[in-house]
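Residue strings, one per chain:
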Amino acid sequence: FGAVYNMMADMMGEKQAKRYFPLISTLSLWILFSNVLGLVPGFLPPTSNLNTSLAPAIVVFIVYNVGGIAEHGIVNYLKHFMGPVIFIAPLMLVIEFIGHAFRPISLGVRLTGNMTGDHMVLGAFGNLAEGIFGYGLPIGLPIPFLFLGIMVCVIQTMVFCMLSTVYISMAVEHSDH
């Protein structure tokens, strides 16, 4: 929790970090638990399902937009989408809306893809070892791949939480333009 809070405080300041810490810390616990569950033989990580990974991404999308509107008001928040120069505002508005629409998709697809890939690598090397050694598979053979799997689980949790924090921070920050 300390690492998550310090990351948030560095990105968005103490006040905003305290405000959004319950969301990001809950997401980090849920995603980490879901990812690690896939390392248990016979279980698939829930985050390898796109629907499951899109759900927290959509929550983050709603939270950062509502937070931005609450912080700046709806008019000033929408002005943020229009860029600094008025004559390119229509183009900037379209670009910003498309960019914001793909944020939850990128969060969900990134998490799903990495966890599916991790699970497939563990399965492939397990099947390879079984093919080479038969069912008398040496006990310690999968251990390096499990450590790799744990590392992937932790990194993907931190990436999701870090990007969520960045998106929230960008929505609630006070800019000069």
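To be clear, the structure that these remarks concern was listed above.
Criteria and thresholds
- Residues numbered from 1 in each chain as written.
- Predicted model: local features only at pLDDT ≥ 70, side-chain atom pairs only at ≥ 80, totals over all residues.
- Heavy atoms only, no water.
- Helix = DSSP H or I, 4+ residues; strand = E, 2+ residues; numbered from the N terminus.
- Contact = heavy atoms within 4.5 Å.
- Buried < 20%, exposed > 50% of the residue type's maximum accessible area, 1.4 Å probe, protein only.
- Axes fitted to C-alpha atoms, helices over the stretch in contact; angles between N-to-C directions.
- Left-handed = near helix turned anticlockwise from the far one by under 90°.
- Nonpolar A, V, L, I, M, F, W, Y, C, P; charged D, E, K, R; others polar.

With respect to the helices and strands, valine 4 occurs in helix H1 (residues 2-37). For valine 4 and serine 28, which are 24 residues apart along the polypeptide, the C-alpha to C-alpha distance reads 8.2 Å. Excluding residues within four positions of it along the chain, valine 4 makes contact with Phe21, Ile24, Ser25 and Ser28.

You can see glutamine 156 is positioned in helix H5 (residues 143-172). The exposure class assigned to glutamine 156 is buried, which follows from its relative accessible area of 11%. Apart from the residues lying within four places of it in its own chain, the contact partners of glutamine 156 are Asn35, Arg110, Leu111, Asn114 and Met115.

Where H1 meets H5, the closest approach of the two axes is 8 Å, and the angle between their N-to-C directions is 145°. Handedness of the crossing formed by H1 with H5: right-handed. Its residues assigned to classes, the contact of H1 with H5 comprises 20 nonpolar, 8 polar and no charged.

Geometry only, nothing functional implied.
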